[in-house]
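Here's the letter readout for the chains.
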Amino acid sequence: MIEILPSILAADFARLGEQIAQVERGGATMLHVDVMDGHFVSNLTLGPPVVASIRKITRMTLDVHLMITDPDKYAPIFIEAGADQVLVHQEACKHLDGTLREIQRAGARAGVVLNPATPISTLDQVLELADYVLIMSVNPGFGGQQFIPYALDKVRRLDAIRRERRLALPIEIDGGITMENISEAVRAGCDWIVTGSSVFHTPDPAAAVAGLRQAAMQATAVRC
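My aim in this report is to walk through the structure given alongside it, one point at a time. All values reported here derive from a predicted model rather than from experimental measurement.

What counts and how
- Residues numbered from 1 in each chain as written.
- Predicted model: local features only at pLDDT ≥ 70, side-chain atom pairs only at ≥ 80, totals over all residues.
- Heavy atoms only, no water.
- Helix = DSSP H or I, 4+ residues; strand = E, 2+ residues; numbered from the N terminus.
- Rg over C-alpha atoms; globule rule 2.2 N^0.38 Å.
- Contact = heavy atoms within 4.5 Å.
- Lys, Arg positive; Asp, Glu negative; His and termini not counted.
- Charge placed at Lys NZ, Arg CZ, Asp CG, Glu CD.
- Phe/Tyr/Trp six-rings, centres within 6.5 Å; stacked < 30°, edge-to-face > 60°.
- Buried < 20%, exposed > 50% of the residue type's maximum accessible area, 1.4 Å probe, protein only.
- Salt bridge = Lys/Arg side-chain N within 4 Å of Asp/Glu carboxyl O.
- Core = buried A, V, L, I, M, F, W, Y, C linked by side-chain atoms within 4.5 Å.
- Pairing = 2+ DSSP bridges.
- Right-handed = clockwise from strand over helix to strand, strands pointing away.

Once that is clear, we can look at the overall build of the chain. When you go through the chain residue by residue, the secondary structure sums to eight helices and eight strands. Taken over C-alpha atoms, the radius of gyration comes to 16 Å for the chain, in line with the 17 Å a tight globule of 224 residues would show. Based on the C-alpha atoms only, the size of the chain along its principal axes is roughly 45 × 40 × 30 Å. Restricting to contacts in the chain with at least 6 residues of sequence separation, those with at least 24 account for 66%. Computed over 20 positive and 26 negative side-chain charges, the separation of the two mean positions in the chain equals 4 Å.

Structure representation (structure tokens):
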């Protein structure tokens, strides 16, 4: 199932409620929320109170991406605030299988993220456990970066593994996705597409979501 996940990192926070309503009207059913602690990545963003506020104004699935050094401590706090699913970085987890299980025990879906230079092989032992995998197509920390093409090679490898193992494992991609490359990402095997600037930096976020979704759906017929 193809999903477009608008990333609120690119939204106008003075109009956040309005912009969330716009993307929901455009057909988005999932919202991507980037949490950065200034340590794992150099940027600093939002905390649990903002997630709790978003939870009050939308029924969309909240996909909370923890770019932080201590996901074991903070994942339960974000779940309590309203996160439906939580992403943690392979690079930040000392015991990745345990972290994923704790997220699931807390009542959320557990996803794992790979930075661009981290190989797919590092997830070999947790693919049956994870609920979904996010492939970063930029180095994490800031929005508006240029897409890294070799990320799609990783998507193709992961897609081949899930077919071989018969895993119901959505593949998510985040970073530099636009109308120009969304079809290629879907053909490579991506199911969930995170995009920020291509939605919120447009005159009509609702129309942007609808257009991206249409392009993605058309690409599903010719996946390679």
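Enumeration according to the criterion identifies one aromatic pair in this entry. Measuring from centroid to centroid gives 5.1 Å for Tyr-132 and Trp-192, while their planes differ by 55°, and the two rings are tilted. Here Tyr-132, found in strand 6 (residues 132–136), pairs with Trp-192, found in strand 8 (residues 192–195); they are 60 residues apart in sequence, far enough to count as distant. Of the two residues examined, Tyr-132 and Trp-192, each falls in the buried class.

Attention now moves to the pattern of salt bridges. In the structure shown here, the tally under the stated rule is nine salt bridges. For Asp-84, the salt bridge goes to Arg-55, with nearest N and O atoms at 2.7 Å. In this pair, Asp-84 sits in the loop between helix 3 (71–81) and strand 4 (85–89) while Arg-55 sits in helix 2 (residues 48–57), placing the two residues 29 residues apart along the sequence. Its relative accessible area of 30% is what places Asp-84 among the partly exposed residues.

The subject of this paragraph is the nonpolar core. Ranked by internal contacts, the top residues of the largest apolar core, which has 66 residues, are Leu-66, Leu-100, Ile-135 and Ile-182. Of the residues forming this core, the biggest block, five residues, is contributed by helix 8 (residues 205–219). Ignoring anything within four residues of it in the chain, the contact list for Leu-100 reads Val-88, Ala-110, Gly-111, Val-112, Val-126, Leu-129 and Ala-130. Judged by nonpolar contacts, the second largest core, of ten residues, contains Leu-5, Met-30, Tyr-132 and Leu-134.

What follows covers the pairing of strand 2 (residues 30–36). With seven of seven residues buried, strand 2 is to be regarded as a mostly interior element. The side-chain alternation of strand 2 yields two buried faces, one formed by Met-30, His-32, Asp-34 and Met-36 and the other by Leu-31, Val-33 and Val-35. Two strands pair when backbone bridges link them, and strand 2 and strand 3 (residues 61–67) are joined in this way by seven bridges, in the parallel orientation. For Met-30, the partnering residue across the bridge sits in strand 3 and is Thr-61. In this fold, the crossover linking strand 2 to strand 3 by way of helix 2 has right-handed handedness.

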